[in-house]
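# Residue-level structural notes
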Amino acid sequence: MNIGIVSYYAVTNIGDKILTDTVKWLLSNHTTEIIDINARYIYRYKGVLGRIERIIQKHFINRTAEEDIAKFFKKKLKNKDLIIFAGGQIIDFKYTDCCRNIYLLVKTAERLGIPIAFHAIGMAGNNYSDYRVNTVKMIFSSPAIRSVSVRERHEEFIKNFAVPSINKVEKVIDTAIWCNECYSIKKASHFPYKTIGINVINHKVLDNYYGITSNNQIIDLYILIYNRFTEQGLNVYFFTNGVQHDETTLNQIIRSIKNGEEKVLRPKVHGSGKEFVQMLTKFDFIISSRGCKSLRILVKT
C-alpha cells in the first residue's frame, strides 16, 4: 500500500517531526511519503548545503496562492492508496489559516477517490465563532474521511465537528510516545533523580486551556519551579521543542536567572527528531505540561 503521511513536517517544531517519523516507522511495511501541510518540500540536506537549501526554498518554493498549493497536493497525492494525518495540533482556528491548506488537500483526495484517516489530532483555539471554524467543519464533512481519532478535547471535537459519516471518534495517545523505539534510543533509569529538564511552553498555548493572558505569569511560574529543584541540589535545565514563541519565552526566563544561559539545552535549528530525543536522554526527569494547573500542582508538591 502506498500511503501519504501528512503533517507540519517542515516547521521548526521538532515535536511534529518526531510524531511523523514515528508514524512512518509504524507503517514501515508499506511505501510511505511525507506530505507537508504548508505545501513545502522536506529539507534533505544538513550543514552548509542545508542552509543554502532553506534560503532557496524561502524565496522560490514558498507557496501562498491556493492554485499553487492545490497543484502541489495533486502531485503529491498521485498514486496514493491512503492519506493519514500523522497528528499533532492539526486543527488550528486560532493562530493561522493552515486549515485552508488541509481543506484543499482533503478536497483533492476526495476528487481522486483516496480515503483519509485523521490520527491523534489536537486543536488550537476555543472561539467557535471564529471564521476559521467553518473551514474545519467543511473538512470533516468530506465523504473521503473514513477514520478520526483525537489526542485531546474528545467530547468538544465530537460536539462541534463530528458528522454522521464519521462512525466513531476515538480518543488515543500521541503516537510520539513510541519515539524511543522508532529511533532505537534507550536510557537507563536513574534514581534518585539528579538532572531535571523543564520544557518551556509559551503562555499563548496555555491560554487556550487556562486563560494565561500574561507572559509574566508563566515566566514567574517556570522560575519558581526551577528554584524549588535547585534548592534541593538538583541540576536543572530549560529546553524547548524549537517553536519560536517558546524560544522567546525561554530567553526571557534565562535573563532573569544568574548564569541562565548555562542552564539551557537548545535543539538544533531544523534538527532531526532523533537528535532531539537523544538530547532528552541527558535528563533523569522531565517536566512538561500544556496545562498550567498541572504545573501549579507540581510546585505545591
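Residues numbered from 1 in each chain as written. Predicted model: local features only at pLDDT ≥ 70, side-chain atom pairs only at ≥ 80, totals over all residues. Heavy atoms only, no water.

Here S7 is to be found in strand β1 (residues 2-7). When its relative accessible area of 0% is taken as the criterion, S7 is described as buried. Contact partners of S7, with chain neighbours within four places excluded, come to D16, T20, I34, I35, D36, I37 and A86. (Helix = DSSP H or I, 4+ residues; strand = E, 2+ residues; numbered from the N terminus. Buried < 20%, exposed > 50% of the residue type's maximum accessible area, 1.4 Å probe, protein only. Contact = heavy atoms within 4.5 Å.)

Side chains that carry opposite charge are capable of pairing whenever their charged atoms lie near each other. For the coordinates displayed, the defined rule picks out 10 salt bridges. E110 serves as the salt-bridge partner of K107, at 3.2 Å between the closest nitrogen and oxygen. Placement of both K107 and E110 in helix α4 (residues 98-112) is noted, with a separation of three residues, approximately one turn of the helix. With relative accessibility at 27%, the residue E110 sits in the partly exposed group. (Salt bridge = Lys/Arg side-chain N within 4 Å of Asp/Glu carboxyl O.)

This paragraph deals with helix α5 (residues 132-139). Considered for burial, the residues of α5 that qualify are R132, V133, T135, V136 and I139. Along α5, the residues classed as buried sweep out an arc of 155° about the axis, all on the same side. Buried residues belonging to α5 abut β4 (88-92), α4, β5 (116-124), β6 (145-150) and α6 (154-161). (Arc of directions from axis to C-beta.)

Moving on, we come to the packing of aromatic side chains. Here a ring pair, both rings aromatic, is described through the centre-centre distance and the interplanar angle of the planes. Under the definition given, this model contains 11 aromatic pairs. Seen in terms of ring centroids, F93 and Y128 are 5.2 Å apart; in terms of plane orientation they differ by 45°. Their pairing is tilted. Remark: Y128 occurs in the loop between β5 and α5 and F93 occurs in the loop between β4 and α4; sequence separation between them is 35 residues. By relative accessible area, which is 26% here, Y128 ends up partly exposed. (Phe/Tyr/Trp six-rings, centres within 6.5 Å; stacked < 30°, edge-to-face > 60°.)

The first and last C-alpha atoms of helix α9 (residues 215-230) sit 23 Å apart over 16 residues, in line with the 22 Å expected at 1.5 Å per residue. All of the buried residues in α9 are N215, I218, I219, L221, Y222, I223, I225, Y226 and F229. (Expected span 1.5 Å × (residues − 1).)

Attention shifts here to a nonpolar patch on the surface. A contiguous nonpolar surface patch, about 490 Å² in accessible area, is contributed by W25, L26, I173, I177 and W178. With respect to the helices, strands and loops of the structure, L26 is situated in helix α1 (residues 14-26). (Patch = residues over 30% accessible without salt bridge, like charges linked within 9 Å, V, L, I, M, F, W, Y side chains within 5 Å. Areas by Shrake-Rupley, 256 points an atom, 1.4 Å probe, with all protein chains shown as cover.)

Another point: the pairing of β4. The side chains of a regular strand alternate, first on one face of the sheet and then on the other. Of all five residues in β4, four are buried; the element is thus mostly enclosed. Strand direction decides the pairing type here: β4 and β5, joined by three bridges, are parallel. Its bridge partner being in β5, G88 is matched across the sheet by I121. For the segment spanning β4, α4 and β5, crossover handedness is right-handed. (Pairing = 2+ DSSP bridges. Right-handed = clockwise from strand over helix to strand, strands pointing away.)

What follows concerns the sheet that holds strand β8 (residues 195-199). Whether parallel or antiparallel, the strands of a sheet pair through hydrogen bonds between backbone atoms. Strand order in the open sheet formed by three strands is β9-β8-β10, with parallel pairing between adjacent strands. Each of the sheet's edge strands pairs with one partner strand only, and the pair in question is β9 (235-239) and β10 (285-287). Pairs of neighbouring strands in the sheet enclose a mean axial angle of 25°, with direction left out of account. Direction of pairing for β8 relative to β9: parallel, over a ladder of five bridges. Residue pairing for β9: T195 is matched across the bridge by N235. (Axes fitted to C-alpha atoms, helices over the stretch in contact; angles between N-to-C directions.)

Interpretation in functional terms is not warranted from these geometric data alone.
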